[in-house]
Amino acid sequence: MNASQVPESVRYCIIGAGIHGLSTAWHLARELKARGSGDGSDILIIEKSEAGAGPSGIACGVVRNNYFQPAMRELMAHSVHVWESDPEAFEYHPVGYLQISYDEMRADVATIAEQQAAIGYESVFIEGEQETFNYMKGIFDDWRCTGVTSVLHEKKGGYAHNMATVNALLAKAEAEGVSVVTGTLVTELVVDGGAVTHVVTRRGTESATIAVDHVVAAAGPWVPKLWEMLDLPETTKILLEGEIFELPTWEFWALQEGTLDVDPGYLMNNEGNMPPVVHVDADVPLYDEDNNLLVDDKWGIYYKPDFNFGGVQGGYMPYPVKRPWRDVAIDPYGPASPDFVVGTDFRQVWAAALSHCQERFEGKASLMSHAPSGGIGAFTPDNFPVFDTFRENVYVVADSNHGFKMIGVGALVAKELVGEPQALLEPFRYSRYAEGRLHPVSNSPYPWS
Ligand SMILES: Cc1cc2nc3c(=O)[nH]c(=O)nc-3n(C[C@H](O)[C@H](O)[C@H](O)COP(=O)(O)OP(=O)(O)OC[C@H]3O[C@@H](n4cnc5c(N)ncnc54)[C@H](O)[C@@H]3O)c2cc1C
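The rules we used
- Residues numbered from 1 in each chain as written.
- Predicted model: local features only at pLDDT ≥ 70, side-chain atom pairs only at ≥ 80, totals over all residues.
- Helix = DSSP H or I, 4+ residues; strand = E, 2+ residues; numbered from the N terminus.
- Buried ≥ 20, exposed ≤ 12 C-beta atoms within 10 Å, placed from the backbone.
- Contact = placed C-beta atoms within 7 Å.
- Axes fitted to C-alpha atoms, helices over the stretch in contact; angles between N-to-C directions.
- Parallel < 35°, antiparallel > 145°, perpendicular 65-115°, else oblique.
- Left-handed = near helix turned anticlockwise from the far one by under 90°.
- Pairing = 2+ DSSP bridges.
- Domains from an automatic or database assignment.
- Nonpolar A, V, L, I, M, F, W, Y, C, P; charged D, E, K, R; others polar.
- Expected span 1.5 Å × (residues − 1).
- Near = placed C-beta within 6 Å.
- Arc of directions from axis to C-beta.

1. A few points about the overall build of the protein chain
- A count of helical and extended segments in the protein chain gives 10 helices and 23 strands.
- By its C-alpha atoms, the protein chain is 65 × 50 × 45 Å across when sized along the principal axes.
- With 449 residues in all, the protein chain has 49% of them scored as buried.
- The contacts in the protein chain between residues at least 6 apart in sequence include a share of 76% that link residues at least 24 apart.

So, in structure tokens, the structure goes:
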């Protein structure tokens, strides 16, 4: 199907063929069929480029539960069930996840461990500098990281291959009868009488207008553009400790990821098996191997052996793009962006941090890949997702860049679309800002922990 073939009307129009649009379409088709109230032929996905053209197609693919916010943890635990439903198709590797932390984070992570036990999410929590060192030595005999005093070892989670997951979701949605139109941009959402009645699209020079009953806006970093089409607030008022603050509704952050070009087998554990994903937050200064000081503050990295990326792949802390969102060039996206690919700074720091953690990485900085990598994400005022309905019939799935791991959100959104409110999504309504129902903030150096 192409733009000239888009239908004149459709019940559910989903904008965006990333992880959330595709997962929502797949699950919604099944919900409709199960109720005898429709099927996949009631659903159309419109994608301006192709499936996986946004962050879903470049994500490092880490799946973890380690969140300080109870609502995030419960949501992630739900998503892990979806990952486990078809690990082969998603190329999901349930190797587990290690959160290794500095002392200031210890109490936060202890709380996470306790609450994981309470929701039956298997993990081990080790406290103390020497105990942490010993535990990590048991996994990697060349472990030598300093500046950390605890390790939370999640036995579930791990990572998945980004495009394998996107393609599997696409195939599952299409098998249910969902139509996907690619190369077609949504340019306008026509609001009439409070709701969106029509979606206007453009393919090349050709425009089409589709009458719709429901819209799902799952546009990843492009969500501020759809927000603007819906004439929703540019700034958001937040009630915090009795005071009202006003912040821009959207802010971009740049994610820094890259690959060390070694054989992925280089990072096997002491038993010669795939290790858990490693995430280290340390509070000692970071030096390179020539003793140059690179970071004089807290720092954090994550890494894993990855056959898809062809090396040891991972990332460093993201940085905020300090410009109003309209001044940020979202396109071309990801590795094609002239503005938001990682540079020498990232390569130096990441390689030094790997070497700080494990001896096997000593002298390997020159093997950092120079292939462009990284990408931006649209963050909400509190850096947590907004899953909510606006203009009566538009469901906005704005994951604040938490989202590759959240493959199950589409299943929950699908239930809400057929009229079943989901308790797991309730903490992510937009009204939480005005009402002061904010998520607790952790001591992590990352905006999303
Ligand atoms: C470098 C990087 C690494 C990441 N690593 C991880 C990770 O390890 N684990 C994790 O959980 N998360 C990770 N994330 C975050 C995660 O990738 C995103 O949160 C998630 O993929 C967003 O999915 P989405 O479906 O909302 O958006 P997208 O993947 O962006 O999909 C949206 C789609 O909508 C299309 N679109 C946009 N506007 C329009 C329009 N007007 N008309 C038609 N189509 C439109 C786009 O082309 C795009 O294909 C990472 C992000 C980045 C940038």
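So that's the structure; there's more coming.
2. A short note on the packing of helix H1 (residues 19-35) against helix H6 (residues 162-175)
- Running from amino to carboxyl end, H1 crosses H6 at an angle of 30 degrees, the nearest separation of the two axes being 8 Å. One element, H1, and the other, H6, form an angle in the roughly parallel class. Viewed along their axes, H1 and H6 form a crossing whose handedness is left-handed. Counted together, Ile 19, Leu 22, Ser 23, Ala 25, Trp 26 and Ala 29 of H1 and Thr 165, Val 166, Leu 169, Leu 170, Lys 172 and Ala 173 of H6 form the full contact between these two elements.

3. Some thoughts on unusual backbone geometry
- Residue Pro 332 follows Asp 331 across a cis peptide bond; omega there is -5 degrees.
- Looking at the element boundaries, Pro 332 is found in the loop between strand E20 (311-320) and helix H8 (344-357).
- Positive phi, close to 55 degrees, is recorded for Ser 400, a residue that is not glycine.
- When you line up the elements, Ser 400 lands in the loop between strand E23 (394-398) and helix H9 (409-417).
- A count of 22 C-beta atoms within 10 Å places Ser 400 in the buried class.

4. Quick word on the sheet that holds strand E3 (residues 62-63)
- Strand order in this open sheet of three strands is E3-E8-E4, and the pairing throughout is antiparallel. If you trace the sheet from one side to the other, it starts and ends with E3 and strand E4 (92-93), each paired once.
- When E3 meets strand E8 (residues 158-160), the two strands line up antiparallel, connected through two bridges. Across the sheet, Val 62 pairs through a bridge with Tyr 159, a residue of E8.

5. Here's the deal with the sheet that holds strand E19 (residues 299-306)
- An order of E6-E7-E5-E16-E19-E20-E15-E21 is seen for the eight strands of this open sheet, with the pairing classed as mixed. Looking at the sheet topology across the chains shown, the edges are occupied by strand E6 (123-127) and strand E21 (375-379). Within the sheet, the average angular offset between the axes of one strand and its neighbour, ignoring direction, is 20 degrees.

6. A look at the environment of Phe 133
- Relative to the assigned elements, Phe 133 resides in helix H5 (residues 129-139).
- For the pair formed by Phe 133 and Lys 304, sequence separation is 171 residues and the distance between their alpha carbons is 19 Å.

7. Some details on the domain arrangement of the protein chain
- Once the domains are mapped, the protein chain shows domain 1 (1-94 + 158-233 + 383-449) and domain 2 (97-155 + 251-379).
- One C-alpha centre belongs to domain 1, the other to domain 2; they are set 27 Å apart.
- Residue-level contacts link 32 residues of domain 1 with 38 residues of domain 2.
- Residue assignment for the side of domain 1 that touches domain 2 shows that the elements contributing at least two residues are helix H2 (70-85), E8 and helix H7 (223-229).
- Residue contributions to the side of domain 1 that touches domain 2 peak at four residues, all from H2.
- By residue class, the composition of the side of domain 1 that touches domain 2 is 17 nonpolar, 12 polar and three charged.

8. What to know about the packing of H1 against H9
- Between H1 and H9, whose axes approach to 7 Å, the crossing angle comes to 50 degrees. Our classification of the angle between H1 and H9 gives oblique. You can see that H1 and H9 cross each other, and the crossing is right-handed. Residue-level contacts link His 20, Ser 23, Thr 24, Trp 26, His 27, Leu 28 and Glu 31 of H1 to Val 409, Gly 410, Ala 411, Val 413, Ala 414, Lys 415 and Leu 417 of H9.

9. Points about H1
- Between its first and last C-alpha, H1 extends 24 Å over 17 residues, near the 24 Å set by a 1.5 Å rise per residue.
- Phi turns positive, to about 65 degrees, at Gly 36, one or two residues after H1.

10. Quick word on the site of the ligand
- Lining the immediate environment of the ligand, one finds 38 residues, of which Gly 16, Gly 18, Gly 54, Gly 220 and Gly 403 sit closest.
- Where the shell around the ligand is concerned, the elements lending two or more residues are H1, strand E10 (185-192), strand E15 (251-260) and E21.
- Tallying contributions element by element places H1 first for the shell around the ligand, with three residues.
- The class makeup of the residues in the shell around the ligand is 18 nonpolar, 15 polar and five charged.
- Two domains share the shell around the ligand, each providing at least three of its residues, namely domain 1 (1-94 + 158-233 + 383-449) and domain 2 (97-155 + 251-379).

11. A look at helix H4 (residues 106-118)
- Taking 1.5 Å of rise per residue, 13 residues should cover 18 Å, and H4 covers 18 Å from first to last C-alpha, within 8% of that figure.
- All of the buried residues along H4 are Val 109, Ile 112, Ala 113 and Gln 116. Taken down its axis, H4 places every buried residue within 100 degrees of arc, on the same side. Along H4, exposed side chains directed more than 90 degrees from the buried face belong to Ala 107, Glu 114, Ala 117 and Ala 118.
- As for H4, its buried residues are in contact with H2, strand E5 (97-101), E6 and strand E7 (150-154).

12. Describing the pairing of E23
- With five of five residues buried, E23 lies mostly within the body of the structure.
- Residues Val 394, Val 396 and Ala 398 point to one face of E23 and Tyr 395 and Val 397 to the other, with burial holding for every one of them.
- Judged from the three bridges that link them, strand E12 (residues 206-217) and E23 form a sheet pairing that is parallel. Bridged to Val 216 within E23 is Tyr 395.
- As judged from the five bridges shared by strand E22 (residues 386-390) and E23, these two strands associate in the antiparallel manner. In the strand pairing of E23, Phe 390 is matched with Val 394.
- Linking E22 to E23, which pair antiparallel, is a turn of three residues; within it Arg 391 sits at a positive phi near 45 degrees.

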